[in-house]
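Report on the structure
Here's the letter readout for the chains.
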Amino acid sequence: MSPSAIRAETIQALRQQLVSSTKPQSSQRCIPTGLNSLDRLLPGGGLPTSSLIEWISDDAGQAAASLALRSLSPMLALPGCLVIIDEQHDFYANAAVAQGIPLSRLMLVRPQISTTGQSAIHGRSRFIRRTSISHSESLWALEQSARCPGVRAVLCWLDRASSAIMRRLQLAVERSGVTVMLVRPASVLSQASFADLRLHVKASDASEWSQQPQMRTQQQRNLSVRLLRSRHGLQHDGTAHLFQNPWEEQLCSC
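Residues numbered from 1 in each chain as written. Predicted model: local features only at pLDDT ≥ 70, side-chain atom pairs only at ≥ 80, totals over all residues. Heavy atoms only, no water.

**Structural notes on the nonpolar core**
The criterion, for reference: Here, nonpolar core means buried Ala, Val, Leu, Ile, Met, Phe, Trp, Tyr and Cys residues that are tied together by side-chain atoms lying within 4.5 Å of each other. Relative accessible area decides the class of each residue, using a 1.4 Å probe on protein chains only: under 20% of the type maximum gives buried, over 50% gives exposed, and in between gives partly exposed. The numbering of helices and of strands both runs from the N terminus, where a helix is a DSSP run of H or I of at least 4 residues and a strand a run of E of at least 2.
Counting 35 residues, the largest nonpolar core has L47, W55, L82, I84, L155, M181 and V225 as its most contacted members. Top contributing element to this core by residue count: helix α3 (residues 62–72), with six residues. Membership of the second largest hydrophobic core comes to 22 residues, among which are L52, I165, V178 and A195.

**Overview of the pairing of strand β6 (residues 151–157)**
To keep it simple, the criterion reads: Two strands make a pair as long as DSSP finds a minimum of two bridges between them. By convention a crossover is right-handed if, when the strands point away from the viewer, the path from the first strand over the helix to the second runs clockwise.
The element β6 is largely enclosed, with a buried count of seven among its seven residues. Alignment of β6 against strand β7 (residues 179–185), held across five bridges, turns out to be parallel. Along β7, the bridge assignment pairs A153 with T179. Running through helix α6 (residues 163–176), the crossover from β6 to the neighbouring parallel element β7 is right-handed.

**Considering the pairing of strand β4 (residues 81–85)**
Here β4 lies mainly inside the structure; five of its five residues are buried. Of the two faces of β4, the one lined by C81, V83 and I85 and the one lined by L82 and I84 are each fully buried. Two elements, β4 and β6, share five bridges in a ladder whose sense is parallel. From the neighbouring strand, C81 faces β6, where its bridge partner is V151. In terms of strand pairing, β4 meets strand β5 (residues 106–109) through four bridges, oriented parallel. Pairing of I85 across the sheet is with V109, part of β5.

**A look at the confidence of the model for the protein chain**
Heads up, the condition is: Confidence scores per residue from the predictor, reported as pLDDT, run from 0 to 100. We call two residues contacting when some pair of their heavy atoms lies within 4.5 Å.
Counting all residues, the mean pLDDT for the protein chain is 79, and 73% of those residues have values of 70 or more. Within the protein chain, no element has a lower average pLDDT than strand β11 (residues 248–253), which sits at 40, and none a higher one than β4, at 96. Counted against residues more than four places away or in other chains, residues 21–25, with its pLDDT under 50, gives eight contacts. Throughout residues 117–124 the model reports pLDDT below 50, and contacts reaching past four residues in sequence, or to other chains, amount to nine contacts.

Written out as structure tokens, the structure reads:
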């Protein structure tokens, strides 16, 4: 065999190895959230594993985070822990317990806060900038958790991230099988999304509720969840209406 033929054969073998190494090593499966109206809204009837999911919130994100925790609770029937990246140092473990997540399956990661950023702590919104050091550590922890085979799911509040970071997260979850849930502000709606699912959570006006008004009390908050993007298409486009505290549901309307 001539040297040029050997070289061409070697290049072809290396190319095949490269293609094989970049193929996702995990397969997606949909896990029902237990909220029927939300499951009817989602392609596949639940939240997919090995996926990147964005929960977009118009406010500080507490309702979106609570709903995200409630939705991923059934996912913890599979092996692996839940990692929560708490950059703001204000997440309470009881919030996870209230949504059916045992503390034994929870790992709380809190990046160190620089003393130069203490003045930025004050404010009602979680989506505030502290210091570049703290944010960089959060992004590092997020990416490492997304690649860890011992992790089942990750929840992180993320106000800003470059397209390169989002693309790396997308590739990481496809290979590891981890489900990453990001709670993000409405300001990111103008940005391109790399997520498998993008869901918009917002307070619902009372006029949107057409049935069972007697179920609503002053202690309950009406929420709507709208599917904004799905990598599988928008054939399930619509809105799920939910009560918060406790989570109850009414209907799914397009």
